[in-house]
Amino acid sequence: MAEIKETKAQRVERLKREKNAWERFDEIREFARQGHASIPPEWLGTYFRSWGIYTQGDGVGVIGGNNGEGKATPFFMVRIRIPNGLLTSQQTRTIADLAERHARGVADITVRQNVQLHWVAVESLPDVLETLWRTGLTTIGACGDVARNVTGCPLAGFDAHEFCDASPLALEINRQLGGNSDFYNLPRKFKISITGCRSWCNYPEINDIGFTPVTRRRAAGLETGFSVRVGGGLSTDPHIAVRLNAFVRWNQVAQVARGIAEVFREANVLRENRERARLKFLFLQHGWTPDSFLDALNERIGFVLDPAEPEEIPSDVHRDHVGIHAQKQLGFSYIGANVLSGRISPEQLRLAASLSDRYADGHIRNTVMQNLVIVNVPDQHAVRVAAELTAGSLPVRAPAFARATVACTGTEFCKLALTETKGFARWLATELDERVPGFQEQLRINVTGCPNSCGQHWIADIGIEGKKIKVDGKMVDAYYFCIGGSVGQFASIARPVGYRCAATDVPDAIERLLRQFNENRVPGENLRQFFARHTNEDIRSILAGGYTASVERDTAVQGAVPLGVEN
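First, a word on what this report is: a plain description of the structure on this page. (Residues numbered from 1 in each chain as written. Predicted model: local features only at pLDDT ≥ 70, side-chain atom pairs only at ≥ 80, totals over all residues. Heavy atoms only, no water.)

1. Things to note about the overall build of the chain
Right, on to step 1. A count of helices and strands for the chain gives 16 helices and 20 strands.
Right, on to step 2. Expressed as lengths along the three principal axes of its C-alpha atoms, the size of the chain is roughly 70 × 70 × 50 Å.
Right, on to step 3. Here the contacts in the chain between residues at least 6 apart in sequence split such that 70% fall between residues at least 24 apart.
Right, on to step 4. About 21,300 Å² of surface is accessible on the chain, with carbon and sulfur atoms providing 48% of the total.
Right, on to step 5. Here the chain holds 66 positive side-chain charges and 65 negative ones, and the gap between their average locations is 1 Å. (Helix = DSSP H or I, 4+ residues; strand = E, 2+ residues; numbered from the N terminus. Contact = heavy atoms within 4.5 Å. Areas by Shrake-Rupley, 256 points an atom, 1.4 Å probe, with all protein chains shown as cover. Lys, Arg positive; Asp, Glu negative; His and termini not counted. Charge placed at Lys NZ, Arg CZ, Asp CG, Glu CD.)

As structure tokens, this is what we get:
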């Protein structure tokens with residue numbers, strides 16, 4: 001009788017049932033003593049992930065390997081979990097020191113407010129992990145089939161216009177779900193965001209759970225609570241989260257988050273296919289509705305949530321926090337510095353920590369736009385702090401396109417990427433700032449190296465997805481254009497417009513598009529409206545500089561799309 005081979009999903013589910021890797025730090029120590037060759041495949045492919053550790057690619061990306069995954073080097077990417085993006089100056093210096101000692105000086109701020117190190121050898125892992133623990137940081141749950149880092153507004157407690165400071169709730173959710181063995185074995189990654197700000201700066205629309213502030217009137221006065229959205233996510237099947245008919249009171253938030261995680265955990269239908277295992281697929285494939293989900297949630301938490309209240313949905317899409325801005329605390333400012341494509345050096349981390357200690361109170365915040373913010377700066381020191389940040393290549397008055405551009409890890413380190421992204425994004429932003437000077441429109445340009453959308457191209461005004469094409473007989477990096485993505489009041493998934501070009505031609509294409517907008521917009525029209533009134537053929541022709549036939553998004557990818565290293 002022929003042996004029945006496990007599917008990928010079956011193998012991963014079996015491995016997770018057999019071992020909780022969070023309980024086996026002793027094995028990581030042993031790997032460090034014996035060297036990389038001692039690490040078994042199940043650790044490299046599954047168990048390390050729940051520790052926030054991924055194998056690092058060889059710089060070629062997915063095309064250098066087989067079965068939808070590139071070749072791995074004997075080094076790791078290590079992601080540090082930073083709930084709500086909250087860092088102290090001491091923690092920031094610790095990260096700088098670890099990057100210098102163990103990561104060849106390479107650190108990236110991610111789109112989930114984490115910091116990711118590269119080039120980490122297995123021999124370094126115990127020191128990296130234990131050093132982080134001593135400063136109150138961890139990597140546990142930064143990757144894997146677990147509750148990932150809880151994102152929040154980096155200005156929580158300081159934003160002069162916020163409904164409330166929701167950071168205590170973000171930290172409570174993190175305490176209850178992050179690293180909790182009850183949630184070690186979820187069907188797939190599980191992402192949570194909560195904010196009390198008016199701009200929804202942490203993108204609740206694309207999270208598995210998104211809590212956003214809302215108020216209601218009671219006899220005793222106004223009560224601030226939260227709306228809750230579920231099932232958001234990007235990757236190869238983008239889906240904007242759906243709002244439940246529920247008002248979540250302040251003291252119910254953590255319980256509701258836990259309840260939704262339990263609904264997800266018990267959805268065994270999602271464990272049958274790794275590519276269809278996110279919470280959103282209950283809505284996309286299994287017939288769930290907002291009402292049926294709310295019924296399941298109410299049953300799980302043991303009480304019925306109050307009906308939803310009208311909410312104020314932001315129209316503004318600029319959510320990066322760059323610049324000098326007044327806090328709610330009279331006489332204090334926060335200062336947001338642009339970290340182009342998220343790549344930050346140990347020297348820059350130490351500079352931010354030093355400035356925060358010298359001129360403020362030692363607190364730093366990471367943002368989902370891959371930037372950093374120093375808070376509680378007395379107004380009389382704000383200009384000096386901004387000048388020192390700018391002198392350290394962390395500009396506070398960033399050019400429009402440097403400010404607008406986000407990029408994923410790319411082939412530099414990711415085994416699943418098709419294109420190099422970090423250096424490309426820096427070059428692209430520089431080119432556009434020179435070619436289209438003084439551009440004033442709010443804009444997001446998101447660069448992702450493969451269809452998994454770790455660079456979030458589906459919610460960008462201009463989202464470009466990495467491909468490969470043949471030019472003069474050689475395969476080169478290329479990008480496919482998706483246009484008109486948005487969040488907030490106009491939340492929508494970007495439209496694939498059928499245009500693909502070599503990476504070297506991308507600045508030309510975007511320059512043509514933006515010049516056409518500047519020259520032919522109707523009075524009062526913004527970029528989103530301009531895109532909406534033009535057909536895909538119109539946009540494609542502008543990008544190409546003339547008529548061109550439409551191409552499919554996935555012609556450069558053969559077979560199943562690999563699973564991403566999504567933040």
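After that view of the structure, there is still more to cover.
2. What to know about the sheet that holds strand β14 (residues 363–366)
Right, on to step 1. Pairing in this open sheet of five strands is antiparallel, and the strands run β3-β14-β15-β12-β11 from one edge to the other. Each edge of the open sheet is held by one strand with a lone partner, namely β3 (86–88) and β11 (323–326). Within the sheet, the average angular offset between the axes of one strand and its neighbour, ignoring direction, is 30°.
Right, on to step 2. Direction of pairing for strand β12 (residues 332–337) relative to strand β15 (residues 372–378): antiparallel, over a ladder of five bridges. Counted as the bridge partner of Phe332 is Pro378 from β15. (Pairing = 2+ DSSP bridges. Axes fitted to C-alpha atoms, helices over the stretch in contact; angles between N-to-C directions.)

3. Side note on the sheet that holds strand β2 (residues 72–80)
Right, on to step 1. If you trace the five strands from one edge of the open sheet to the other, you get β1-β2-β5-β4-β13, paired in antiparallel fashion. Each edge of the sheet is formed by a strand with only one pairing partner; in this case those strands are β1 (53–57) and β13 (343–344).
Right, on to step 2. As paired elements, β1 and β2 share four bridges and run antiparallel to each other. Its bridge partner lying in β2, Thr55 is registered against Phe76.
Right, on to step 3. The sheet contacts of helix α4 (residues 89–102) involve β2, β4 (107–109) and β5 (115–120), and relative to β5 the element is tilted by about 20°.

4. Some details on the packing of α4 against helix α5 (residues 125–134)
Right, on to step 1. At a closest axis distance of 11 Å, the pairing of α4 and α5 adopts a crossing angle of 170°. In terms of orientation, α4 and α5 fall into the roughly antiparallel class. Of the residues in α5, those touching α4 at Thr94, Leu98, Arg101 and His102 are Asp127, Val128, Thr131 and Leu132.
Right, on to step 2. Across the contact of α4 with α5, the residue classes tally to three nonpolar, three polar and two charged. (Parallel < 35°, antiparallel > 145°, perpendicular 65-115°, else oblique. Nonpolar A, V, L, I, M, F, W, Y, C, P; charged D, E, K, R; others polar.)

5. Quick notes on the pairing of strand β19 (residues 474–483)
Right, on to step 1. Here strand β18 (residues 462–471) runs beside β19; their pairing, made up of ten bridges, is antiparallel. Each bridged residue has a counterpart across the sheet, and for Lys468 the counterpart in β19 is Asp477.
Right, on to step 2. Following β18, the chain reverses through two residues before pairing antiparallel with β19; Asp472 in that reversal takes a positive phi of roughly 50°.
Right, on to step 3. Here β19 pairs with strand β20 (residues 495–502) via five bridges, running antiparallel. Paired with Ala478 across the bridge in β20 is Ala502.

6. As for helix α7 (residues 253–265)
Since the α-helix turns once every 3.6 residues, residues separated by three or four places project in the same direction.
Right, on to step 1. Spanning 13 residues, α7 covers 18 Å between terminal C-alpha atoms, matching the ideal 18 Å at 1.5 Å per step.
Right, on to step 2. Burial analysis of α7 places eleven of its 13 residues in the buried class, which makes it a mostly covered element.
Right, on to step 3. Every buried residue belonging to α7 is among Val253, Ala254, Val256, Ala257, Gly259, Ile260, Ala261, Glu262, Val263, Phe264 and Arg265, and all of these are buried.
Right, on to step 4. If you follow the buried residues of α7, they end up packed against α6 (167–177), β7 (192–194), β8 (209–218), β9 (221–230) and α9 (290–301). (Expected span 1.5 Å × (residues − 1). Buried < 20%, exposed > 50% of the residue type's maximum accessible area, 1.4 Å probe, protein only.)

7. Things to note about helix α2 (residues 25–34)
Right, on to step 1. Listed as buried for α2 are Phe25, Glu27, Ile28, Phe31 and Ala32. Seen end-on, α2 carries its buried residues on one side only, within an arc spanning 155°. Exposed residues lying more than 90 degrees from the buried face of α2 are Arg33 and Gln34.
Right, on to step 2. Taken together, the buried residues of α2 touch α3 (41–45) and α5.
Right, on to step 3. Just downstream of α2 lies Gly35, where phi reads positive at about 100°. (Arc of directions from axis to C-beta.)

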